[in-house]
Structures are given as C-alpha cells and as structure tokens.
Amino acid sequence: MEQVIELSYALDTFYLLMSGAFVMWMAAGFAMLEAGLVRAKNTTEILTKNIALFAIACVMYLLVGYNIMYPAEAVNSIWPGISFLLGADNTAAEVIMVNGDSDPDNNSVYSNMADFFFQVVFVATAMSIVSGAVAERMKLWAFLAFSVVMTGFIYPLQGYWKWGGGFLDGLGFYDFAGSGVVHLCGATAALAGIILLGARKGKYDKEGNITPIPGCNLPLATLGTFILWMGWFGFNGGSQLIISNVSDANIVAMVFVNTNASAAGGVVAALIAAHILFGKADLSMILNGALAGLVAITADPASPSPLLATIIGMVAGVIVVFSIIGIDNLKLDDPVGAISVHGVVGIWGLIAVCFSNPEATFIAQLTGIVSIMTFVFIASFATWYAFKLIIGIRVTEEEEYHGVDYSECGMEAYPEFTDNSKG
Amino acid sequence: MEQVIELSYALDTFYLLMSGAFVMWMAAGFAMLEAGLVRAKNTTEILTKNIALFAIACVMYLLVGYNIMYPAEAVNSIWPGISFLLGADNTAAEVIMVNGDSDPDNNSVYSNMADFFFQVVFVATAMSIVSGAVAERMKLWAFLAFSVVMTGFIYPLQGYWKWGGGFLDGLGFYDFAGSGVVHLCGATAALAGIILLGARKGKYDKEGNITPIPGCNLPLATLGTFILWMGWFGFNGGSQLIISNVSDANIVAMVFVNTNASAAGGVVAALIAAHILFGKADLSMILNGALAGLVAITADPASPSPLLATIIGMVAGVIVVFSIIGIDNLKLDDPVGAISVHGVVGIWGLIAVCFSNPEATFIAQLTGIVSIMTFVFIASFATWYAFKLIIGIRVTEEEEYHGVDYSECGMEAYPEFTDNSKG
Amino acid sequence: MEQVIELSYALDTFYLLMSGAFVMWMAAGFAMLEAGLVRAKNTTEILTKNIALFAIACVMYLLVGYNIMYPAEAVNSIWPGISFLLGADNTAAEVIMVNGDSDPDNNSVYSNMADFFFQVVFVATAMSIVSGAVAERMKLWAFLAFSVVMTGFIYPLQGYWKWGGGFLDGLGFYDFAGSGVVHLCGATAALAGIILLGARKGKYDKEGNITPIPGCNLPLATLGTFILWMGWFGFNGGSQLIISNVSDANIVAMVFVNTNASAAGGVVAALIAAHILFGKADLSMILNGALAGLVAITADPASPSPLLATIIGMVAGVIVVFSIIGIDNLKLDDPVGAISVHGVVGIWGLIAVCFSNPEATFIAQLTGIVSIMTFVFIASFATWYAFKLIIGIRVTEEEEYHGVDYSECGMEAYPEFTDNSKG
C-alpha cells in the first residue's frame, strides 16, 4: 500500500513539473508575441526585457516572494508574516525550500520542490504582461528595477490574499488559475506604468488623430500566441495541483478541454467582430481574441460545459476588440493590447465564474477585482513614480526616434533586413 | 486495490492530455511551415487561416463532428447515427461530453474528456494540410467556409469508418494514427481544391515552363518542421490511448522510437536524393523528407523494428522528392508540397503496414485508401464547387498580384522588411 | 501488487519518453539559436546542417553508437566490446533494441525502448554544439561526414567511460546529465574543427583588429535560447531515469528547480557583466548567460540548494562573457560562442560539483575533464584532418563571400528581405 502512495506522490509531482515546464514556455510566447508587435528598431530591447524579467522573477521569488505568498506564519489575512525575511528562525520553510519532503505520512502529497517550481514560473507571467504595454519608450533599467519590486513584493502580497489563505480566500473569491491574481494584476501594474510614461511619439497628434503603428513581424506574433495557447494547458491544467485520482483527473481533463474551447471561441468571435468593424480579417485582433479566450476561462476552467466555455471565450473575443479600440481612444498607448487582453478580459473572466460555478458570488468576485486593482495600482504607481524621480523611466526623444535597441542594447535585431534611414 | 485503478485512470488521462497538448502544438508547426514557404505578401493571410481553422475545427467538432465520428448509435457501418443532431434525446453522450465519467467500474479507463481533447486537436491537422496547398490565391472566407464543412462533416464521417467502428474497421483496414484517416484525407481535400482553384499566376507559362516561387522565410519553415516532429510524438504516441501497463507502455515507447527513426530516415534520404538530382542540399526538400518520414510511419509505428522504421522513412523521403517534381509537372500548383507529403506518402505508409504487421492485408489497405480518397474527393469537390458558384473561391488577379494580405487581412506581415514595389 | 509494479513501469516509461521529446526539441533550439546568430547569407546552410545532423545522429546511434556506449560485453573499462559490430551473435542486445522488455521480474524497470529513445535524442546535442562553431565557412558535406564519425563513434566511446560503466565511472567522476560527456565533448570537437578551419574572412585583420559580425535575426536566437531552456528540463530532469517513488520524485523536482535557477542566475550575471564592460545590455551575451547557467548545472542539478544553483549559474554567466572575449582575442573564430558556453562553462560545471556534492572529488572531476578533452580533441582533430585532405573542409573564398547558402543549398533563407548586393 505504501508503494501506491509513493506512486501517487510521484505522479502528482511529475504532473506539476510538466505543467511548470509548459508555464515556463509561456515566457517564450510573450517574448515572441511582443517582439512581433513592436517595430524592428525596438525588438532587441523587448527581447532583452522578456528574458531578463523571467530571470529576475525566478531569483526574487526564490529569495522573497515565495515566503510572502505562502508564509509559514501570517500576521493576518491581509498581511503575510515577514518574520523570516527579518531574520527569524524559519527552519520549516527552509527545509521545504531546500530538501523537498520525503515523508509520505506528511500531509504534503507531492514534492514541495515541484510546488515551488510551478509557482516560480507563474510569477514571470504577470510581469511579462507589463513589458508589452510599456514597449518602445521605457528605459530598460527602470523596467528591470520595477520587475524586482513587482515579482518580489507586489505580486506575492496580493497572491497571498487568495492562494496563500488570505482574506480574499476567506471571502469566497473564486480564481482558479489567476484571471485576477496573475492577469488583472499584471495589467493593472501596466496601466499605472503607461499613465506615468505617456504615449509613443507620433501615436496621437494634437487634433486627436490616432496613427496605427504596425508590428514588424506577424509570424513571430502568431508563434507567440500559439506558444501561449500551448503553455496555458500547464497554467490552467496544473492549477488543480493533483491529478492522481479519478475525480481530480476528470477535473484536469475538463480544464484542458475548456481552456482550448474558450481560446477557440475567442478566435472565432474576434475574427467576426473585426470583419464587421473593419471589413478585414485583422490578424492582430484575432491573436488577441485567442489570448482573451484564454484569460477569460482562467478564473474557472473546471465548472463550465465545453459549450459554455466556448461562449465565455466568444464574449471575451468581442470584448477585447472593443476594449483595444476604446483604450486607444482614451489615448492610453498600449502597443500590444495587454491591458485589454489581461485586464479588461480578466475582469470578464472573474465575473463569468458566477454563470457556471454555484459556489461563486458576484459580491465576492467584485471584492476580489476591486481589492487587487486598488492595491496593485497604488503600489505600482508609487513604485513607477519613485523610479521616475530617481532614475527616470523614459528614454530621450532622440533615443526613441532611433529605437531603444541602440541606446539600451547596442545592437540591432535585424541588421540586414531593415533600412536604418527609415527611422 | 481501488486506489490502483484510480491511479491507472489518472496516468492514462494525464498521458492523453499531454499527447493532446503536443498535437495542438502541431497547429503552430503547420502555421510556421506554411508561413515560411509562401511569399511575404501572402504571409498574414496564411497565418490567419491557420489559427482560424484550428478554432473552427474545435468548435465544429464539439458541436457536430465528435458525435458523427463516435456516435452513440450508428445507422450502419457506413453512415453514423445523427439522431442526436436532429434533436433526439442523447443524454449519455451529453453526460460524457460535460462531466467525464467518475465510475471506475465503468469500462471507460480514462477520462472521456481527455479522449475528447485528444480527438478534437487531431481534427485541425487534416484541415491544416489543405491550407498550405491552396495558399497565395484563395479567398479567405471560402477557405474558412470549407473548413466548417470539412471539420464538422467530411473528416468525421470517414473517421467513423475506421476509428468509430465503421466498415473499414470491420474489414481489417489498419491505420494506427491516421496516415489515411488524417493525412490522406487532408491531401485529397486539398487536391480537389487546387483543381478547381488553378495555379498561381506566373507559376506555369504557356510554353510549359515552370517557375519556382521560393518561400520567403526558411528559418520559419524549419521551425515549423521541428514543431511538427515534436508534436508527432503526441500524435502517434498518444494514439495507443493507454500506457498504464507494461505491454502498452512498451508499445508507446516503440512508437516514439519508430516515429523518430522514420523522420530521421526521411531527412537522410531526401538530402541524398536532392543532392543527386540537383547537386545541392535543397532544404525545402529535406524538410519535406522529414515530414514524409513522419506521415509514412503514422499508419503503423508500433510493429516495425527501428531499423525497418528508418527504411520506411527513407523510402518516403525519396518518394516525396519525386512526387513533388511530378505533381509540379502535372501543373497542379501545391506551394508547400502538401499533397505529396500527406497524400502520396500517406498511401505509401498505408501500404508499408503490410511489410511489418502480419495482421494487415494488402486488399484491406487498398480498400481503405480507395474508400477514403473517393469519398473525400467527391465530397470536397462538391463543397468547393458550391462555394465557387456562391461566393467564389479565388481572389482577383490584382489582389493576387499585390498579395492577399492586403485584400483579406488589411495588414502586411513584415511591413519594414519588404519593398512593397517588388510585387 | 503486480499491477502496482506495472504502473510504476508505465510511469517511468512515460517520464522518460516525455523527457526525450523535450530533448529532441532542443534540436530546434540549436537550429534557431544558430540561424539567428549567423548572417542571412549563411542561414539556409546552418538550418540544413542542424536538421541533417539530428537525423544522422539518430541513424548512426541506432546502427552503432548505442551498442558502443552501452555494450552487452566490454573489452575493458576503456574500450567497449565491439563483437556485435564485428558480426558476433548478440541476441540479447537485439531483443532489447527491437522488442523492449515485457517481463516485470526483469531488472529493467522501464521500457528499454524508452531508454533508447532518451539516449538517441541526447546524441545530437553534442553535434549541434559543433555546427554553431564552424558556421559560415565549412563545407556542408565535410560537416555531415564528421557528424557520422562523431555520433557513431567518438561520442559513444567517451560516453561509455562514464555512463556505460567504463573507467571514469569507476573512478568516481561525477557528471549527472553531461556537462562533460555531452557539452565539453561537443565543444572540444568544435575547437579541433575551428583550429583546422580558420577564421571567417574579415573577422580578424593583420593589425590584430577584431571585427564583430552581428547575427541577422535576434528574435530567432532568443527563441532558440528559450527552446533550449525548456528542453533542458527533459535533458536534466530525465537523467534521473526513474521518478516512480518519493525519493526519486523529490530528486527530479529538485533538478527542475535548480536547472531553472541556474539559468536565471546566468542571465542576471551576464546582464550585469555586459553592462559593466560595454555599458549596454548586450542581448547575445545575455542569451549565452542563460545557456551557460544551464550547462554549468548539468553536471549536478540534484545536490545544490536552489540558492547555490543560482550562484553556480551566476558564476557561469560571468565566465561566459569573459571567455567569449578571451577566445576572440586568441583569434579562434567561434560565431556563436559555443566553445565558451559548452566547453569553458562545462569545465566550471564539473568542478562546481565539488562544492555541493560530498561524493565528488576534485581529482576525479579533473581526471574526467582531461580524459574527455584529450581523447575527443585527438580523435576529432584526426577526423577533421583526414576530411581536410580527402574532400576539403572549407568553401572557396568566393563561395564564402556570396554565402554558403548558394554554394551548398542553392537557395536563400530570406530571398525577399535582403539586398543581395550587400555581400
């Protein structure tokens, strides 16, 4: 019988590790998506940001974030314990961090290290959302400094509220894999950033005209979307945490089906919406439709039927098209549509839970949305503002004109394909 | 003991879900392969087709196709039951669709939802084959309309003949993972399409000269091939459906080894064949050699020894080179070689089963090939023809000259890299 | 109880197969990395080399290499038995190769075919390292001929010393997943090659000036790095070979965490080092920092704490920056930095084992490093030299000027993006 428990432990550990590897792969998806949607002259820098933020997230979450989000002891349900960070003895947490737990009688049913792996690759997702929104005009080091604060402190604190057992969890706020904790959180931090940063030069003129700035490499953007779609099977599929019995296995299978169905619904709806609005099959809108479907279903991929999941994705696909247009009209310059995809649609996903999950309440969902947005916006705005005062967050006009690749990275992304005089 | 059954159920479910995620990833492979092999001016449109067809396949197969291919009750072995689609009570099927099945005493040994997931991602593969063949001159919406019919009706009906328990299964037709049901089916639909569509302008002149039209981005095409190679481990490896005992685990392992061996054989043979014919290491032929090896072994990756699998792949690699040249000489314009890779080599794969699998008979294999080709060709031709009459399937000459990206999608794939005056 | 053994067998088999699929995926990573770091005119050829070497490795390792590396009977601990290759009866090995082993009482605890699959995809990694170093001036067929010798004989022989039970294993040389056996081996073969091959034209002039030759497509190089990062979870994670009990599952989980942590450490350190040295966030150095972190931890990803793994990666990230500069100053032209990433850092990884693993000794690690380097260098140098005499290994100056894509493959990688007159 003990061998059966060991096998169960092994299967759940393997399942978490594979899921985590898929989530790590999403970092490549964000990098390709964003590199495809900016101009050639800003491509090296956005690639640098994406790989660097992933690395920073891993280091910061190891050092600080994991202990904040899943504290050994909490001060209360709003504020996690930070005694460990202040030097207190916290052997148990250290043992978990360093050794995993090999006692099958322990209440841990999978390797603690596998849990840490799954959590640590999650963190970068929230930060990747920010990098797209502030593209093409932010100083690289200001962005990296913000990512230290975001992945070490801001994300883990609000993550604790829900997944660490804090007050949102107590209130019955439902967020299976992070429409709120990850996506809305990232989008809100991005919103605070672009308000302080301002729009790219040439995007909006004084007469109120909006100049579209097309992305330079749509195959990359499409590849990034497919990578994210694939990685999301780990993101949502792994969030059940356990698969080793019939009940959990059925839930995980339903999560895979619904995640796929919602993304498909998002594509179809965005395709039709774009055709009606523009008379064209606007690929960038279609890609955002797929991502919108994925974000929306993330709050609860286990409860809806596949048909309802498809519909939730379709609504998300329509919302994202109108949201991108609306945010552009507000003169908030979000080059990749990240705030619409992850923020506006994240809210839709959290509310849609009420339609399929009898345990969710509208008031709890709303409390979660407001709590996350308020805290993340204030904390992010203050952080961005501090960096703006200390080191500046925007490159000079001349650097922006020539592209941040030169000023920040010293190299072009496509030295043989682009005519440098194009500007 | 019950816990062991639960674990077995969980492992098989997880195995199917991971396999399905790999198959979904093949959609990215087709998108990159085709985007790399067309000209820059038609790239946005082919990306749009690839992501849209995947989404349409998921929606149509959920609504209609799954019930046709695996009907709760069949009219007979040629025609599946469609009572469910006509409004009859079909609670059992609905329960399966929505809840999975949590009773371990049931004969279902894995989550029904995991089975649905694995099947639904398969469907798009057949349709992806079509998108490459009709590239660079077809109307987007005609293609999407065809994909509705193909993924909802044509593919599931002939799939029922083999995998749903129809007459081809009864005859002993052997097709492990779909050299016929998926690849030959897709290639036949593509053939019907390009006959009605005609060749790209400038491809063949009146004197019978053939002008090669090189793809614009070979790294993308190579990436797509590697993605497909990786995804095929899910496509073939998952088709055993069960892995939770020694016998099945050994078969799945053999499938992985042989799938890889055959692809490797295809690469080596195409490399040598191209060197002999052209004096050059023709990369596009080598990529098609890899895919040919994969298609050929798909009919039976479990029976051959790894050495025989390598040889089956080598023969496929030679066949594909000559087939691509031959089809071009027939003035059938297939920009990516899809009909050769998936159709001609698919037939080779179905026949090669006879060399390694004592249960297969030549007559059954031939019956399967003829049945699938006849039905799919007639049904596809009729469908394409109807769309040709109603909405037209070909863009105007001017649209083709400027590229379908403008006319269909309203945006360029590489706005900064290409000189628009090149045409 | 037997069913539990079967389940355990199935889980370990599945784990090895998934790990192998991830390692196969690394072939795509090397292809994209190298294609991104060479010039456009040499891109088709490097893609061709990468897919062809993978195929050749699979065929040669099936025919010869696996039997050398894991011989049924060994002559002694330095020289494996080759009686099988000389025609002796070797039924046992053949049975293993062809059927897998279905007897649960056997000491084999997973499918032998799954083991073969995991080993065969490993081989290409060593050879992929070579292809980057000799890029842009080597004859394609000389490279492919070398890959036959390397994957069939050189790699398996030194692999036998450690993993096949040869003398390095007996000495206590510690190399978990191949910092030495795979990465140092590949880098040493590459070093021998570039010494005989010479630098690219225009790289070093008579006054000792070094002209940087920038890569043409940094998004591809970044994608390749992310692919390798993901694939490394299979490379290191699968090298435990067993996951089906608590102890092994915990080790595998630790391997995932440490592999990720070390890569993250490499990125952060290379970012900072490049900023200090060049005043810019040099993306190519950052990518090499990630790979350096991965190579360094490969020798022992199971013993260090995650914090120590991060530090091992950081040291690797600094080493790789200085090594790339140093090797360039030695006028050894390595276009992608492969010798620094895989060789110099591979040595660091093997030595770093002594800091975390009490079982490792400095003298054993040093013996392993010297043995592998000496043998591989001499064997590779002799092989390269023989090919140089027989068929030549370097393209003509004119071919190099116009790009090896024309001379070797007869097609451009980006026919529409590059101005051919640029040279």
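1. Considering the packing of aromatic side chains
Overall, the coordinates contain 75 aromatic pairs over all chains when judged by the stated rule. Their ring planes at 20° and their centres at 6.4 Å tell us that Tyr61(A) and Phe116(A) sit as a pair that is stacked. In this pair, Tyr61(A) is assigned in helix H2 (residues 43-69) and Phe116(A) in helix H4 (residues 112-133), connecting sequence segments 55 residues apart. Taken as a pair, Tyr61(A) and Phe116(A) share a single burial class, namely buried. Centroid distance Phe122(C) to Phe235(C): 4.0 Å. Interplanar angle 15°. Geometry classified as stacked. Taken as a pair, Phe122(C) in helix H4 (residues 112-133) and Phe235(C) in helix H8 (residues 218-237) lie far apart in primary sequence, 113 residues in all. In this pair, the class of Phe122(C) matches that of Phe235(C), namely buried. Every member of this aromatic cluster is reached through a ring pair, and the members are Phe14(A), Tyr15(A), Phe14(B), Tyr15(B), Phe14(C) and Tyr15(C). Lying across the ring of Phe143(B), Lys49(B) places its NZ or CZ 4.8 Å from the centre.

2. Notes on the relation of the copies chain B and chain A
Of the transformation superimposing chain B on chain A, the axial component is 0.0 Å and the angular component is 120°, with the fit at an RMSD of 0.0 Å. This pairing of chains is accounted for by a three-fold axis. Among all residues of chain B, the minimum C-alpha distance to the rotation axis is found for Phe417(B), at 3.1 Å. Residue by residue, only 17% of the interface of chain B is reproduced at the interface of chain A, so the copies engage with different surfaces.

3. Points about the interface of chain C and chain B
Counting from both sides, the interface comprises 63 residues of chain C and, opposite them, 59 residues of chain B. In this assembly, chain C packs against chain B so that about 5000 Å² is buried in total across both faces, 81% of it on carbon and sulfur atoms. Looking only at chain C, the three residues that lose the most surface to chain B are Ile51(C), Glu416(C) and Phe417(C), adding up to 15% of its buried area. Connecting chain C to chain B are zero salt bridges. At the boundary of chain C and chain B, one finds eight residue pairs in polar contact (both at pLDDT 80 or more). Put simply, the parts of the chain that give the side of chain C that touches chain B at least two residues each are helix H1 (2-37), helix H2 (43-69), helix H3 (91-99), H4, helix H5 (140-162), H8 and helix H15 (404-409) of chain C. Looking at the side of chain C that touches chain B element by element, the count peaks at 19 residues for H1(C).

4. What to know about the confidence of the model for chain A
Residues and elements named next belong to chain A. The predicted model of chain A averages 92 in pLDDT, with 92% of residues at 70 or higher. Contacts of residues 89-107 to residues separated by more than four positions or lying in other chains number 27 contacts, the stretch itself having pLDDT below 50. Interface confidence for the predicted complex, given as ipTM, is 0.95, next to a pTM of 0.96.

5. Notes on the side chain of Asp12(A)
All names here are of chain A. Here Asp-12 lies in helix H1 (residues 2-37). Buried charge Asp-12 goes without a salt bridge, the closest partner of opposite sign being Lys-162 at 20 Å. In this view, Asp-12 contacts Val-109, Tyr-110, Ile-242, Ile-243 and Ser-244; residues no more than four positions away in its chain are not counted.

6. Points about the interface of chain B and chain A
Each side of the interface is counted separately: chain B has 64 residues, and chain A has 59 residues. Around 5100 Å² of area is buried between chain B and chain A when both sides are counted, 81% of it from carbon and sulfur atoms. Broken down residue by residue, the surface that chain B buries against chain A is led by Ile51(B), Glu416(B) and Phe417(B), which jointly contribute 15%. Taken together, chain B and chain A are joined by zero salt bridges. Taken together, the connections running from chain B to chain A amount to eight residue pairs in polar contact (both at pLDDT 80 or more). Those elements that provide at least two residues to the side of chain B that touches chain A are helix H1 (2-37), helix H2 (43-69), helix H3 (91-99), helix H4 (112-133), helix H5 (140-162), helix H8 (218-237) and helix H15 (404-409) of chain B. Ranked by residues supplied to the side of chain B that touches chain A, first place goes to H1(B) with 19 residues. Residues belonging to the side of chain B that touches chain A are distributed by class as follows: 47 nonpolar, twelve polar and five charged.

About the cut-offs
- Residues numbered from 1 in each chain as written.
- Chains lettered and ligands numbered in written order.
- Predicted model: local features only at pLDDT ≥ 70, side-chain atom pairs only at ≥ 80, totals over all residues.
- Heavy atoms only, no water.
- Phe/Tyr/Trp six-rings, centres within 6.5 Å; stacked < 30°, edge-to-face > 60°.
- Helix = DSSP H or I, 4+ residues; strand = E, 2+ residues; numbered from the N terminus.
- Buried < 20%, exposed > 50% of the residue type's maximum accessible area, 1.4 Å probe, protein only.
- Lys NZ or Arg CZ within 6 Å of the ring centre and 35° of its normal.
- Least-squares fit on C-alpha atoms with pLDDT ≥ 70 in both.
- Contact = heavy atoms within 4.5 Å.
- Buried area = accessible area lost by both parts, 1.4 Å probe.
- Salt bridge = Lys/Arg side-chain N within 4 Å of Asp/Glu carboxyl O.
- Polar contact = N/O pair within 3.5 Å; in protein donor to acceptor, adjacent residues only side chain to side chain.
- pLDDT = per-residue confidence, 0-100.
- Lys, Arg positive; Asp, Glu negative; His and termini not counted.
- Nonpolar A, V, L, I, M, F, W, Y, C, P; charged D, E, K, R; others polar.

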